[in-house]
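Structure assessment
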Amino acid sequence: MAIEQFAKLPTHVAMIMDGNGRWAKKRLLPRTAGHKVGLDTFVEMVDTCSDLGIKYMTVYAFSYENWNREKTEVDALMTLMETGIRRYTPEMHRKNIRLHLMGDLSLFEEGKRASLLACQEELSGNTGMTLSICLSYGGRQELVHACNELIKEGKTEITDADIERHLYSAGLPDPDLIIRTSGEYRISNFLLWQSAYAEYYFTDVLWPDFHKEELYKALHDFEGRKRRFGK
Ligand code: IPE
Ligand code: IPE
Ligand code: MG
């Protein structure tokens, strides 16, 4: 099948994968059923972005605040994410994808953390798309973490660059386009520093229904954006 053509693509696309619970509710299914289908969408999006030649992709999979959900949902999500990423790792390897985990992984159960870090390590030599997965991630917590690292260095005055080298995203370009599904118009603590000049795309489509045609719509919308960066 011919691959969709674009006049320009974002170097870095980020996605707030929202709406799994509502997708399940509409079908009278448990929330976890929505997360399961959401995982398939994630895989479809990674494959599509990698095939399009996008260099950086970041997804918001589990926020710092998501730890406050019911324990049964949190446990189900943890298992789903860890097994999902582990099973998808050989395929990511074939696609030359590098994996980068962002967030406070110390809150993960030891076995799951070790497994996720092993996947990251296995893909660390790859040179194709960099896939960042935000897990146990919060933009505010990331900034506080960076400030604490600078205090440890003994800094009494800091620059933008000092903060940037202590963000989980150190070394990655800022996102050009941030997509949020499910009709919510907020950023929910996602990439607060990095999104300073990002373009946003909001859609009512729920994450489990966000297939590649929906991604193409967002990318075509981005083609028409005129970015000024204050100039
Ligand atoms: C996104 O879907 C997945 C996570 C936040 C982990 P939600 O679980 O937030 O689904 P809704 O927003 O309740 O529909
Ligand atoms: C944001 O979605 C986090 C993820 C998609 C992982 P939430 O569903 O947690 O955000 P709020 O609570 O609607 O702002
Ligand atoms: Mg939600």
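To keep things clear, this report deals only with the structure shown in the data block. (Residues numbered from 1 in each chain as written. Chains lettered and ligands numbered in written order. Predicted model: local features only at pLDDT ≥ 70, side-chain atom pairs only at ≥ 80, totals over all residues. Heavy atoms only, no water.)

1. Looking at the pairing of strand β3 (residues 98-102)
- With four of five residues buried, β3 is to be regarded as a mostly interior element.
- As paired strands, β3 and strand β4 (residues 130-137) are joined by five bridges and run parallel to one another. By the bridge assignment for β4, arginine 98 is matched with threonine 130.
- The parallel pair β3 and β4, bridged by helix α4 (residues 110-122), forms a crossover whose chirality is left-handed. (Buried < 20%, exposed > 50% of the residue type's maximum accessible area, 1.4 Å probe, protein only. Helix = DSSP H or I, 4+ residues; strand = E, 2+ residues; numbered from the N terminus. Pairing = 2+ DSSP bridges. Right-handed = clockwise from strand over helix to strand, strands pointing away.)

2. Observations concerning the nonpolar core
- Core analysis: the largest hydrophobic core is formed by 43 residues, its most contacted members being Met15, Phe42, Met57, Leu131, Ile133, Leu135 and Ile179.
- Residue contacts for phenylalanine 42: discarding those within four places in its chain leaves Met17, Val59, Tyr88, Leu131, Ile133 and Trp207.
- Counting residues in hydrophobic clusters, the runner-up holds ten residues, among them Cys134, Tyr137, Phe190 and Leu191. (Core = buried A, V, L, I, M, F, W, Y, C linked by side-chain atoms within 4.5 Å. Contact = heavy atoms within 4.5 Å.)

3. Topic: the site of ligand 2
- Every residue close to ligand 2 is listed here: Ile16, Met17, Asp18, Tyr60, Ala61, Phe62, Asn66, Arg69, Arg180, Arg186 and Ser188.
- A distance of 3.4 Å is found between an oxygen atom of ligand 2 and a side-chain nitrogen or oxygen belonging to arginine 180.
- In the model, an oxygen atom of ligand 2 is placed 2.8 Å from a nitrogen or oxygen of the arginine 186 side chain.
- Calculation on ligand 2 without its partners gives an accessible area of 390 Å², and the protein chains cover 78% of this total. (Near = heavy atom within 4 Å. Polar contact = N/O pair within 3.5 Å; in protein donor to acceptor, adjacent residues only side chain to side chain. Areas by Shrake-Rupley, 256 points an atom, 1.4 Å probe, with all protein chains shown as cover.)

4. Structural notes on the packing of helix α2 (residues 31-52) against helix α7 (residues 212-223)
- The contact between α2 and α7 brings their axes to 10 Å, and the two run at 50°. Classed by the angle they form, the pair α2 and α7 counts as oblique. In the packing of α2 onto α7, the handedness of the crossing is right-handed. Listed contacts from α7 to Glu44, Met45, Thr48, Cys49 and Leu52 of α2 are Lys212, Leu215, Tyr216 and Leu219.
- In terms of residue class, the contact of α2 with α7 is made up of six nonpolar, one polar and two charged. (Axes fitted to C-alpha atoms, helices over the stretch in contact; angles between N-to-C directions. Parallel < 35°, antiparallel > 145°, perpendicular 65-115°, else oblique. Left-handed = near helix turned anticlockwise from the far one by under 90°. Nonpolar A, V, L, I, M, F, W, Y, C, P; charged D, E, K, R; others polar.)

5. Details of the environment of aspartate 221
- Within the secondary structure, aspartate 221 sits in helix α7.
- C-alpha separation for the pair aspartate 221 and tyrosine 200, spaced 21 residues apart in sequence, amounts to 10.0 Å.
- At a separation of 2.7 Å, a polar atom in the side chain of aspartate 221 contacts the side chain of arginine 225.

6. A short note on the pattern of salt bridges
- Taken as a whole, this structure holds 20 salt bridges when the rule is applied.
- We note a salt bridge from arginine 94 to glutamate 91, for which the minimum N-O separation is 2.8 Å. Placement of both arginine 94 and glutamate 91 in helix α3 (residues 71-94) is noted, with a separation of three residues, approximately one turn of the helix.
- Aspartate 221 is paired through a salt bridge with arginine 225; the nearest N and O atoms lie 2.7 Å apart. (Salt bridge = Lys/Arg side-chain N within 4 Å of Asp/Glu carboxyl O.)

7. Quick look at the site of ligand 1
- Near ligand 1 there are 13 residues, and of these Asp18, Gly21, Arg22, Arg31 and Arg69 occur at the shortest range.
- Asparagine 20 places a main-chain nitrogen or oxygen 3.2 Å from an oxygen atom of ligand 1.
- For ligand 1, the protein covers 86% of the area, taking 370 Å² as the surface of the free molecule.
- If you list the elements that add at least two residues to the shell around ligand 1, you get α1 (20-26), α2 and α3.
- Looking at the shell around ligand 1, the element that brings in the most residues is α1, giving three residues.

8. A closer look at the side chain of arginine 180
- Inspection of the secondary structure puts arginine 180 in strand β5 (residues 177-180).
- Here arginine 186 takes part through its backbone oxygen, which lies 2.7 Å from a polar atom of the side chain of arginine 180.
- Beyond its immediate stretch of four places on either side in the chain, arginine 180 contacts Ile16, Asp18, Arg186, Ile187, Ser188, Tyr201, Phe202 and Thr203.

9. As for the sheet that holds β5
- The six strands lie next to each other as β3-β4-β2-β1-β5-β6, forming an open sheet whose pairing is parallel. Across the chains shown, the open sheet's two edge strands, defined by having one partner strand only, are β3 and β6 (199-202). Neighbouring strand axes in the sheet, compared pairwise and without regard to direction, differ in orientation by 20° on average.
- Strand direction decides the pairing type here: strand β1 (residues 12-16) and strand β2 (residues 56-63), joined by five bridges, are parallel.

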